[in-house]
Amino acid sequence: MIDHLIQYAYLVGAVLLILGMRALGSPKTAVRGNLIASLGMLVLVVATLFLQGVVDYPVIIAGVLLGSAIGAFLALRIQMTAMPQMVALLNGFGGGASTLVASGELFGYARAGTFPEGIVPYAIVAGALIGAVTFTGSIVAFAKLQELMRGAAITYPLQKVINGLIAIAVLALCAAVVIDPHALPLYLTLVGISLVLGVLLVIPIGGADMPVVISLLNSYSGLAACATGFVLGNSALVIGGSLVGASGIILTKIMCDAMNRSLTNVLFGAFGAVEEAGPAASGPQGTAKGYTPEDAAVIFANARRVIIVPGYGMAVAQAQHAVRELSDVLGEAGIDVKFAIHPVAGRMPGHMNVLLAEADVPYDKLVEMDDINPEFPEADVALVLGANDVVNPMARTEKSSPIYGMPILDVDRATYVFVIKRSMNPGFAGIQNPLFFNDNTMMIFGDAKKTVLQIIEAVRNFAS
Ligand code: NAP
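Report on the accompanying structure. (Residues numbered from 1 in each chain as written. Predicted model: local features only at pLDDT ≥ 70, side-chain atom pairs only at ≥ 80, totals over all residues. Heavy atoms only, no water.)

Relative orientation of the contacting elements helix H12 (residues 293-301) and helix H18 (residues 448-463) amounts to 55 degrees, with a least axis distance of 8 Å. Compared by their axis directions, H12 and H18 come out oblique. Remark: the crossing between H12 and H18 carries right-handed chirality. Contact residues: Pro293, Glu294, Ala296, Ala297, Val298, Phe300 and Ala301 in H12; Gln454, Ile455, Ala458, Val459 and Phe462 in H18. (Axes fitted to C-alpha atoms, helices over the stretch in contact; angles between N-to-C directions. Helix = DSSP H or I, 4+ residues; strand = E, 2+ residues; numbered from the N terminus. Parallel < 35°, antiparallel > 145°, perpendicular 65-115°, else oblique. Left-handed = near helix turned anticlockwise from the far one by under 90°. Contact = heavy atoms within 4.5 Å.)

Here's what the structure looks like:
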């Protein structure tokens, strides 16, 4: 009876997860979607606690207390700009947990002298392999983003051949363990080599490709959890894991499309190596013209259409509230203000949407890249706020540039372009931006938040 109820609860939980994910597809319903999916997860977890004979309550309670304490501490401490690292770590822990569960089950079979049957031995090696690759791959992604190690691609001779040979060795070990699940030394070798493979697969990927890697690792962590679900015979884990696996791969595809790269190119193209050695590394040179917030106010006084382009610098400066205020002030002056959202602006998918939503910028003011690009030629001002790579026109024209082919926001087609940043330093891809030297570009150097507040004051002074 209780088992039937648990299966029904799993069904309800799975439906809630799917409905929640559907609602996450739009900024308007995303908060509700998050709540629905969280409720779904709660149903699944509570139902699992009622499983007969397999739940060790003291261990579960200890895990919940410890995990919640660490989770709450990290969630409270972590800066919005460090969210990608946090996601990388969470993916890694998910993968590591799958490897531990698969290992625990396999050792259990060996100790009892029994053999896993049906799909279970395959699921054990899949969970261990994918989980281990995800664990160390995510740790490397974390270290790169946290600048604990060099962010650029790390390459060496015969890298792809070596990785290929290791992958073949891993597959051979998988087959050996499936044939003889009691061969624990082989299994431990499999886990060890998979851990090394995770490191080797991520170190040659550099710079601007990290978001794609993180979303791919997110997908891997889901697949590992799904395999673990088969190991434990737990349908909730199979459903939850496959949802994460599928959504992660869809996000990966969206990110690749946003950068106009194939996944193969991202994974094996050593983007960062080109970035360091290529002719575009030093980038175009010229004289950028510095202007003041007062100069900007004069131009705003005659503007009718303004498009604001937020980027990573807005996140660093926490300028989202100030820019919302600026858009209100301009709106009150009868100016049409929109925000152009590039899919990889900032450091995580949806980064700009989240920050602007936090500052209560109405959703209908946020316009996706493909929809806003035709509007730039009609705009009087494009205000680039701490964005750089996503507005770099070299992506359109310069074949030697590492970002060649990446779709960008066409800010240079507006009548005036204001660029607010602190210096001439490059953005994430490490390349200079010819936009800054254009005749219609006005550089306003300074911290994004401080400068926007100064512009607001200047606009008000100018109007009065
Ligand atoms: P970006 O190219 O990294 O440029 C950000 C600019 O912000 C920098 O040039 C910096 O110049 C400026 N900045 C930093 N702090 C500032 C502050 N306090 N005030 C004002 N300006 C400040 O950013 P983006 O145009 O948003 O492009 C995102 C890049 O990150 C892309 O290459 C993308 O592929 C990559 N990426 C994206 C994700 C994602 O999922 N969205 C994740 C990881 C990486 P100064 O130092 O001169 O101020």
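Moving on to the side chain of asparagine 440. Inspection of the secondary structure puts asparagine 440 in the loop between strand S5 (416-421) and strand S6 (441-445). Of the polar contacts made by the side chain of asparagine 440, one reaches the backbone oxygen of aspartate 412; its length is 3.4 Å. A polar side-chain atom of asparagine 440 sits 3.0 Å from the main-chain carbonyl oxygen of alanine 414. Once residues lying within four places of it in the same chain are set aside, the contact partners of asparagine 440 are Asp412, Ala414, Thr415, Tyr416 and Val417. (Polar contact = N/O pair within 3.5 Å; in protein donor to acceptor, adjacent residues only side chain to side chain.)

Moving on: the pattern of salt bridges. Note on pairing: side chains with opposite charge can pair once their charged atoms come close. Per the stated rule, a full pass over the model turns up seven salt bridges. Taking the shortest distance from any N to any O, the salt bridge between aspartate 410 and arginine 396 comes out at 2.7 Å. Pair noted here: aspartate 410 is in the loop between helix H17 (394-397) and S5 and arginine 396 is in helix H17, with a separation of 14 residues, a long-range link. Aspartate 412 is the salt-bridge partner of arginine 396, the closest N and O atoms lying 2.4 Å from each other. Here aspartate 412 lies in the loop between H17 and S5 and arginine 396 lies in helix H17, a separation of 16 residues in the sequence. Judged by its relative accessible area of 19%, aspartate 412 is buried. (Salt bridge = Lys/Arg side-chain N within 4 Å of Asp/Glu carboxyl O. Buried < 20%, exposed > 50% of the residue type's maximum accessible area, 1.4 Å probe, protein only.)

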